[in-house]
Every structure is written in structure tokens, then in C-alpha cells.
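A look at the structure
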Amino acid sequence: MAVFHVDHEHRLLYVETPKVGCTSIKHALATLAGRCEGMPDELDAFHIWFGYQHRQPISAVLDKMARNYRDYFTFALVRDPIERWESFFYNKIAGRESNDINEFANQFAKTRWANDPHGLPQHALIGDSLSLYSALLPITQMSQLQTAIESHIGKPFPIPERNKSTRRESPGLQPSSRAIIREFYRGDFKLFGSLLPAT
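Residues numbered from 1 in each chain as written. Predicted model: local features only at pLDDT ≥ 70, side-chain atom pairs only at ≥ 80, totals over all residues. Heavy atoms only, no water.

**A short note on the sheet that holds strand β5 (residues 135–138)**
The strand order across the open sheet formed by five strands is β3-β1-β2-β4-β5, and the pairing between neighbours is mixed. What marks the edges here is a single partner per strand, and that holds for β3 (54–56) and β5. Strand-to-strand twist of the sheet, defined as the mean angle between neighbouring strand axes without regard to direction, takes the value 25°. In the sheet, strand β4 (residues 73–78) pairs with β5 via four bridges, with the strands oriented parallel. By the bridge assignment, Leu 77 is partnered in β5 with Leu 137. (Pairing = 2+ DSSP bridges. Helix = DSSP H or I, 4+ residues; strand = E, 2+ residues; numbered from the N terminus. Axes fitted to C-alpha atoms, helices over the stretch in contact; angles between N-to-C directions.)

**As for the layout of surface pockets**
One water molecule sets the probe size; rolling that probe over the atoms shows where empty space is left. Volume-wise, the second largest pocket comes out at about 230 Å³. Around the second largest pocket, the lining residues are His 5, Val 6, Asp 7, Leu 29, Ala 30, Ala 33, Arg 35, Phe 50, Gln 53 and His 54. Breaking the lining of the second largest pocket down by element, the ones donating at least two residues are β1 (2–7) and α1 (22–32). At three residues, β1 tops the list of elements feeding residues into the lining of the second largest pocket. When its residues are assigned to classes, the lining of the second largest pocket shows five nonpolar, three polar and two charged. (1 Å grid on protein atoms, 1.4 Å probe; cavity = no way out; pocket = protein on both sides within 12 Å on 5 of 7 lines; lining within 4 Å. Points joined across faces, edges and corners; volume = space filled by probe spheres on them. Nonpolar A, V, L, I, M, F, W, Y, C, P; charged D, E, K, R; others polar.)

**Re the packing of aromatic side chains**
The final tally for this structure, using the stated rule, is 17 aromatic pairs. When the centroid spacing of 6.2 Å and the interplanar angle of 50° are considered together, the rings of Phe 88 and Phe 104 count as tilted. With Phe 88 in helix α4 (residues 81–93) and Phe 104 in helix α5 (residues 101–107), this pair connects stretches of sequence that are 16 residues apart. Classification of Phe 88 by relative accessible area gives buried; the value is 0%. Between Phe 184 and Tyr 185, the aromatic rings sit 5.0 Å apart at their centres with planes inclined by 85°, giving edge-to-face as the arrangement. With a relative accessible area of 27%, Phe 184 lands in the partly exposed category. One aromatic cluster is present, built from ring pairs that chain together Trp 85, Phe 88, Phe 89, Tyr 90, Phe 104, Phe 108, Trp 113, Phe 184 and Tyr 185. Here the basic side chain of Arg 35 rests over the ring of Trp 49, its NZ or CZ set 4.5 Å away from the ring centre. The aromatic ring of Phe 189 is capped on one face by Arg 182, whose charged end is 3.9 Å from the ring centroid. (Phe/Tyr/Trp six-rings, centres within 6.5 Å; stacked < 30°, edge-to-face > 60°. Buried < 20%, exposed > 50% of the residue type's maximum accessible area, 1.4 Å probe, protein only. Lys NZ or Arg CZ within 6 Å of the ring centre and 35° of its normal.)

**Regarding the environment of Ile 153**
Relative to the helices and strands, Ile 153 resides in helix α7 (residues 142–153). Look past the residues within four positions of Ile 153 in its chain and what remains in contact with it is His 10, Leu 12 and Leu 32. (Contact = heavy atoms within 4.5 Å.)

**What to know about the packing of α4 against helix α8 (residues 175–184)**
Where α4 meets α8, the axes come as close as 9 Å, and the angle between the chain directions of the two elements is 110°. On the basis of the axis angle, α4 is roughly perpendicular to α8. Only Arg 178, Ile 181 and Arg 182 of α8 make contact with α4, whose side of the interface consists of Ile 82, Trp 85 and Glu 86. Partitioned by chemical class, the residues of the contact of α4 with α8 number three nonpolar, no polar and three charged. (Parallel < 35°, antiparallel > 145°, perpendicular 65-115°, else oblique.)

Here it is in C-alpha cells:
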């Protein structure tokens, strides 16, 4: 299921992808809408507070974008799939379910996390009709997204840095484990390859 957020006043539509800057974008959207009062600091509480009003199959979301939101600024972010997976592991798994990143990588496709929004391939969350997006950018180009949104809405749209990934070099994915994760996200590499840094 895909999750999208609409700001009708500013004609914005954001399709979220967990572990790809969505906490930062949601903070910016809440601030733009004047929803700062009562905003919780704790991560899980923040996402519940922000809400998931629009949760539908991605095919339905893309259909709505094509039919109902043509004059909206529609956007999403993508991220190197392996980097995203590592961020997910250290944020959701390490210290809770497994501390061995390679062991978890080898079993990942058989776990419930493979169907969780944090682990699902990005193309399952934002679709493959890339031309429907006003902006589809890698997370490394957050500043360009900010500029594009500001041009659309005619006012500042500061995007705070929230829930920044803590990069851990050790023990790291072994080549065999990395190949397993790369294969799981083969569709993302194929669809978004031109947007991603060379790996």
C-alpha cells in the first residue's frame, strides 16, 4: 500500500517512502500547514500524529494523480536501495531482532519486514509511472526539491533534517549479503538507476 499526503491549499501531493527523508518532509508539510502545535518529538509518535489518511494501492494513487491532481506539485524521493536497507536495519532491527547484519540480510526476504513499508522496494511505494511526478529526486538533492516547491508555492519551505541515518561501517555487509539485498531491490535499481549514485 502506498501512502500519500495532500495539501490542497498549496496544491502539493507527496508520496512517501520510509527511510527516504519522509520524516523531514512531513515536518516541513506540517509547518507549512500551521500544524506545529502539539507536534511530538518522538519519532513513532510523530508519524502517528501526522497521520496516514491516504493509504491506497499504488495503482490507485497513480490514477488519482493522473485524473485529479494534474495542477498539483507531485513529488517523491528515492534513495540508493542498499543504503536505504542498511538505514532500515540499524533503525528497526539492530538491538531488537538481530545484531548481525549479514545474517539478517540472508534471511530478509523470508521475514515480515520484506513486506513492511520500511523494507518494501521503493517502486512498490511510489510506482513506475515516473512521468506523473512533478519532481522525483534522489534524497541527495533535497535542496533542489526545496527550491522547486518554494517556486511552486511562492513562499519558503524549509526542510529540517530529521531522523538522520547513523552510518555504521562495521561489520558492514559482506559481498555475498550485499548481492542478496541488491537482487531483492533489482526493480529499484532498474527503474531509478539514472537517479542513483553509481555503486
